[in-house]
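# Coordinate analysis (summary)
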Amino acid sequence: MNKAIKFGGSSVANSEQFKKVKQIVLADPGRKYVVTSACGKSGQEDHKVTDLLYLCAAHINYGVSYDSIFQTIVDKYMEIKQTLGLTVDLAAEFAKIRQNLSRDFSLDYLVSRGEYLTGLCLAEYLDADFLDASRVIRFHYDGTVDLKKCQELLKAQVDPGRRVVIPGFYGSLPNGVIKVMSRGGSDITGSIVANAFDVEVYENWTDVSGFYVADPRLIKNPVQIPRITYSELRQMSYMGANVLHDDAVFPVRQKNIPINVRNTNHPQNPGTMIMNDCRDLDEQDPPHVITGITGKEDFTVITMVKSHVSAEAGFLRKALAVFEKFQISIESVPVTVDTFSIVVQSKKIERYLYEIVAELKKDLHLDDIQVESHLAMLAVVGRAMKQMPGMSGKILSTLGDQQINIRTINQACDEQSIVIGVDNRDLVEAIKAIYQQFISEERVER
Ligand SMILES: Nc1ncnc2c1ncn2[C@@H]1O[C@H](COP(=O)(O)OP(=O)(O)O)[C@@H](O)[C@H]1O
Ligand SMILES: N[C@@H](CC(=O)OP(=O)(O)O)C(=O)O
């Protein structure tokens, strides 16, 4: 059975990583549809090619020379070409990029070149066909993926008898203009390719052995999660577990294709399986009550105070209309009898905050309005939590024991996640406290 297989930037950071990729790909003839990110960081001091390309763009915009940054990128690819003995004409490719930039500068074109160049090198190294993503990954003009068109183009342009390498992260608009996805978007490209070819599994290779209960940069040697549902994954990725882009779920979910997150540096580790329904496997091997603990900083809460607000029909609609007018999406809406809060990402609201507060005051005849910034949202996710009465109480008292002030609480009716607002400065301590209480101690007891 065939597989779609995506390598993240960490997996193609240099020639040594390319060698590991080749071993992985050749170990299984089913690994036919290969998607690659741009070269990532080789070490702490190194930089991702995509970051360097964005930096070049900033220099161009300010009219400052970008030569030295561009040269760093050239050197990275030349190291790969020379060490692996490739013949791809990179000098010509770099000359073309420079020429295009001098004629008509397009940010999306420039930052997509990392994936394009990595794809060219990897295709030659794997003796595979190279298929430029601009020919097969199609967006609507509103920026959303045109999945039907991608299926059609991919099926028409991939030779079924050959292995193919497709660069991730970018595609094109109907008029052919290159467009990139949001950061981390190669995961979405891999998922689109998996969907188009109805593969058995979508393997996503990175530098960790799957999803861990918490970010390994915060918790030393966190427990690895053997399996997780699509919906848990969405919540964890959206709330900061950036192993996989949160939108990568949709194309594979449509065809019920599992995602297997694997470690390029430890290919023998089975990684994490992400699937629609884990119930059968959970019966044989019950999961931890908590699947994952994650969090994101920099939210703003706007709290509107008005007596009997919860009894006033239409209040919510009027408040939300103000946010809609400014095109601000909302994260959550905690309500009490006399207050009503709206949580949004600070970066989305900062430009319009004063206008929004003024309009809310005017339209809703409030008793008071309070704005709190610098809030972090901590998400505790777990499909097994609903079988555990009192979980939210235990989580809150764990935070209380650590003197962590709780600013908002939100629990969806499916009881799969509890989202708690804390001060930005308390986020890491909060994650550590919950991990210690529910994972480290549970592990000792098991
Ligand atoms: N819960 C988590 N489990 C595993 N990794 C996590 C988690 N939260 C954050 N990460 C981070 O995600 C990183 C992998 O994603 P990313 O840097 O995008 O890799 P790639 O370049 O391979 O696409 C890991 O190195 C890790 O630091
Ligand atoms: N290179 C792009 C797209 C991507 O998906 O990268 P990675 O797989 O390394 O997260 C970025 O840095 O955003």
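Residues numbered from 1 in each chain as written. Chains lettered and ligands numbered in written order. Predicted model: local features only at pLDDT ≥ 70, side-chain atom pairs only at ≥ 80, totals over all residues. Heavy atoms only, no water.

The name given to the protein chain in an unreviewed UniProt entry is Aspartokinase, and the organism recorded there is Lactobacillus nasalidis. Recorded in UniProt for the protein chain, the comment headed Sequence similarities (unreviewed entry) runs: "Belongs to the aspartokinase family." Taken verbatim from the UniProt record of the protein chain, the Catalytic activity (unreviewed entry) comment is "L-aspartate + ATP = 4-phospho-L-aspartate + ADP". (UniProt positions renumbered as here; feature names shortened; annotations may be inferred.)

Another aspect to go through is the site of ligand 2. Residues in close proximity to ligand 2 include Lys6, Gly8, Gly9, Ser37, Lys48, Thr50, Glu115, Phe169, Arg183, Gly184, Gly185 and Ser186, which together make up its full environment. Separating a nitrogen atom of ligand 2 from a side-chain N or O atom of threonine 50 is a distance of 2.7 Å. Note that an oxygen atom of ligand 2 is positioned 3.4 Å from one of the backbone N or O atoms of glycine 185. A class-by-class count of the residues in the shell around ligand 2 yields 1 nonpolar, 7 polar and 4 charged. (Near = heavy atom within 4 Å. Polar contact = N/O pair within 3.5 Å; in protein donor to acceptor, adjacent residues only side chain to side chain. Nonpolar A, V, L, I, M, F, W, Y, C, P; charged D, E, K, R; others polar.)

The subject of this paragraph is the domain arrangement of the protein chain. Looking at the protein chain, the domain boundaries give domain 1 (3–282) and domain 2 (292–445). The distance between the C-alpha centroids of domain 1 and domain 2 comes to 33 Å. Tallying the contact residues gives 20 residues for domain 1 and 21 residues for domain 2. A buried area of about 1,800 Å², summed over both sides, lies between domain 1 and domain 2, and 60% of it is on carbon and sulfur atoms. Two residues, glutamate 232 and arginine 383, come together in a salt bridge whose shortest N-O distance is 2.8 Å. Joining domain 1 to domain 2, the criterion identifies 13 residue pairs in polar contact (both at pLDDT 80 or more). Mapped onto the side of domain 1 that touches domain 2, the elements with two or more residues apiece are strand E8 (227–229) and helix H8 (230–238). A total of 5 residues in the side of domain 1 that touches domain 2 trace back to one element, the largest contributor, which is H8. Split by residue class, the side of domain 1 that touches domain 2 holds 12 nonpolar, 5 polar and 3 charged. (Domains from an automatic or database assignment. Contact = heavy atoms within 4.5 Å. Buried area = accessible area lost by both parts, 1.4 Å probe. Salt bridge = Lys/Arg side-chain N within 4 Å of Asp/Glu carboxyl O. Helix = DSSP H or I, 4+ residues; strand = E, 2+ residues; numbered from the N terminus.)

Before going further, it helps to examine the layout of surface pockets. Space inside the second largest pocket adds up to approximately 390 Å³. For the second largest pocket, the lining is made up of 17 residues, of which Arg279, Asp282, Arg383, Ala384 and Gln387 are closest to its centre. Secondary structure elements with two or more residues in the lining of the second largest pocket: H8 and helix H10 (279–284). In terms of residue class, the lining of the second largest pocket is built from 6 nonpolar, 5 polar and 6 charged. Of the residues that make up the lining of the second largest pocket, three or more belong to each of domain 1 (3–282) and domain 2 (292–445). (1 Å grid on protein atoms, 1.4 Å probe; cavity = no way out; pocket = protein on both sides within 12 Å on 5 of 7 lines; lining within 4 Å. Points joined across faces, edges and corners; volume = space filled by probe spheres on them.)

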